[in-house]
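Chain and residue survey
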Amino acid sequence: MRLRTDIFVSALLRRVFAKGDFAAVEKKGADEAGAVFIRQHFRDGSETLFGPAPQSFFDEEDSGERLFEIRLERKDAEEIRTMLERERKFDNDLWIVELEADDVADIVPLAKERDDRF
């Protein structure tokens, strides 16, 4: 069973703050099952967008952990906004979380790091 989205986002924010970095919720979605998108801001003004990993990365034994994939890497803010607007048209219940952190490797679990099938 997957953890409620509002609890997942709350835990994510606490982990970011515990590292001394900054995080904020840009858009709050459905409390129980909203998709989570993460915008990572860098000092040079570029951003990386993480989105939910496709279901093909999950197997029957998964504990309900949320996995992410990089959708856009080190792009300008306008490209990120455009992609998020398209996602919002498709799913209005999504969450958008912004992080100002140089390293999120220990905070944002990536599907490709866990997938040893390829």
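Residues numbered from 1 in each chain as written. Predicted model: local features only at pLDDT ≥ 70, side-chain atom pairs only at ≥ 80, totals over all residues. Heavy atoms only, no water.

Right, let's get into the packing of aromatic side chains. By the definition in use, this model includes two aromatic pairs. The lysine or arginine in question, Arg-74, covers the ring of Phe-42, its NZ or CZ lying 3.6 Å from the ring centre. (Phe/Tyr/Trp six-rings, centres within 6.5 Å; stacked < 30°, edge-to-face > 60°. Lys NZ or Arg CZ within 6 Å of the ring centre and 35° of its normal.)

On to the sheet that holds strand E1 (residues 22-27), then. The strand order across the open sheet formed by five strands is E1-E5-E2-E3-E4, and the pairing between neighbours is mixed. Each of the sheet's edge strands pairs with one partner strand only, and the pair in question is E1 and strand E4 (68-75). Neighbour-to-neighbour, the strand axes of the sheet open up by a mean angle of 20 degrees, direction not taken into account. Of the pairings in the sheet, the one linking strand E3 (residues 47-52) to E4 comprises five bridges and is antiparallel in character. From the neighbouring strand, Leu-49 faces E4, where its bridge partner is Leu-72. Helix H1 (residues 5-18) rests against E1, strand E2 (36-41), E4 and strand E5 (95-100) of the sheet, and its axis sits at about 150 degrees to E1. Running at roughly 145 degrees to E4, helix H2 (residues 77-90) makes contact with E1, E2, E3, E4 and E5 of the sheet. (Pairing = 2+ DSSP bridges. Helix = DSSP H or I, 4+ residues; strand = E, 2+ residues; numbered from the N terminus. Axes fitted to C-alpha atoms, helices over the stretch in contact; angles between N-to-C directions. Contact = heavy atoms within 4.5 Å.)

Tallied over the full model, the rule gives 13 salt bridges. The shortest N-O distance in the salt bridge between Asp-106 and Lys-19 comes to 3.4 Å. Of the two residues, Asp-106 sits in the loop between E5 and helix H3 (111-114) while Lys-19 sits in the loop between H1 and E1, which places them 87 residues apart along the sequence. Residue classification places Lys-19 among the partly exposed positions, given a relative accessible area of 36%. The closest approach of N and O atoms between Glu-87 and Arg-71, which form a salt bridge, is 3.3 Å. With Glu-87 in helix H2 and Arg-71 in strand E4, this residue pair connects regions lying 16 residues apart in the sequence. Residues joined in a network through salt bridges with shared partners are Glu-26, Arg-39, Glu-47, Glu-85 and Arg-88. (Salt bridge = Lys/Arg side-chain N within 4 Å of Asp/Glu carboxyl O. Buried < 20%, exposed > 50% of the residue type's maximum accessible area, 1.4 Å probe, protein only.)

Another point: the environment of Asp-44. For Asp-44, the location among the structural elements is in the loop between E2 and E3. Judged by its relative accessible area of 57%, Asp-44 falls in the exposed class. A polar contact of 3.4 Å, which involves the side chain of Asp-44, links it to the side chain of Arg-74. (Polar contact = N/O pair within 3.5 Å; in protein donor to acceptor, adjacent residues only side chain to side chain.)

In this section: the environment of Ile-80. Mapped onto the elements of the fold, Ile-80 is located in helix H2. Judged by its relative accessible area of 0%, Ile-80 is buried. In this structure the C-alpha to C-alpha distance between Ile-80 and Glu-47, which are 33 residues apart in sequence, comes to 7.3 Å. Contact partners of Ile-80, with chain neighbours within four places excluded, come to Arg-39, Glu-47, Thr-48, Leu-49, Leu-72 and Lys-75.

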